[in-house]
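Structural overview
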Amino acid sequence: MSRSIDYGNLMHEAMRGLIKNVLEDVSANGLPGAHHFFITFDTSHPDAELADWLSDRYPGEMTVVMQHWYENLEVGVDGFSVTLNFGDAPEPLYIPYDAIKTFVDPSIEFGLRFETQDGSEVSAPSTELATLPKTPVPAVTPTEKSENVLEETEKDDGKDAEVVSLDSFRK
């Protein structure tokens, strides 16, 4: 009997657990300092829950921002729910951890990107900073402070982030 350790899926599960732990802390204590999150997720995931008009507008994926205005953040075993404001229309969302494609905290240049291969096999997440969108974020929680989120996060401050790819450790 040939058996092997599936490191890719183990890393996938561990990084999703990291996101869960971060969200649990934010749910209990709020966002500390300048921390905020860009979360891109698969809107077609069978367990994702969002308003029909949002899934129609973003049939493949959507990026949401958790920064100044969010409500009802509840963190569960398989995903989290949160209410975000879309153009003065609060909408509840349920995002399964398995639907998350990128999780970025640009305040500290931290990001995770989850990629799939062949549409079915999940590869290990990359610990490199996921690229922030160059176009306006499709779904932003609008406030006076968050209108310039992309401008502030896209400014080049001359610092190079050190990126460590898990691929270099694979055989």
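Residues numbered from 1 in each chain as written. Predicted model: local features only at pLDDT ≥ 70, side-chain atom pairs only at ≥ 80, totals over all residues. Heavy atoms only, no water.

It is worth spelling out the confidence of the model for the protein at this point. Segments scoring low in pLDDT should not have their predicted coordinates read at a detailed level. On average, residues of the protein score 75 in pLDDT, and 67% of them reach the 70 mark or higher. Per-element averaging of pLDDT across the protein places helix α3 (residues 149–154) at the bottom with 36 and strand β5 (residues 90–96) at the top with 94. Counting interchain partners and residues more than four positions distant, the pLDDT-below-50 stretch residues 133–162 has 43 contacts. (pLDDT = per-residue confidence, 0-100. Helix = DSSP H or I, 4+ residues; strand = E, 2+ residues; numbered from the N terminus. Contact = heavy atoms within 4.5 Å.)

It is worth spelling out the sheet that holds β5 at this point. Across the sheet, 3 strands lie side by side as β3-β4-β5; this open sheet has antiparallel pairing. The open sheet has two edge strands with one neighbour each: β3 (71–75) and β5. Sheet twist, expressed as the average angle between the axes of neighbouring strands with direction ignored, equals 15 degrees. Bridge analysis of β3 against strand β4 (residues 79–85) gives 3 bridges, and the strand direction is antiparallel. Residue pairing for β4: E71 is matched across the bridge by T83. With respect to the sheet, helix α1 (residues 7–29) is in contact with β3 and β4, its orientation differing from that of β3 by roughly 140 degrees. (Pairing = 2+ DSSP bridges. Axes fitted to C-alpha atoms, helices over the stretch in contact; angles between N-to-C directions.)

On to the environment of H45, then. As for its position among the elements, H45 is in the loop between β1 (37–42) and α2 (52–57). You can call H45 buried: its relative accessible area is 16%. Counting along the chain gives 16 residues from H45 to E61, while the straight-line C-alpha distance between them is 9.3 Å. Not counting residues within four places of it along the chain, the set of residues in contact with H45 comprises P96, D98 and A99. (Buried < 20%, exposed > 50% of the residue type's maximum accessible area, 1.4 Å probe, protein only.)

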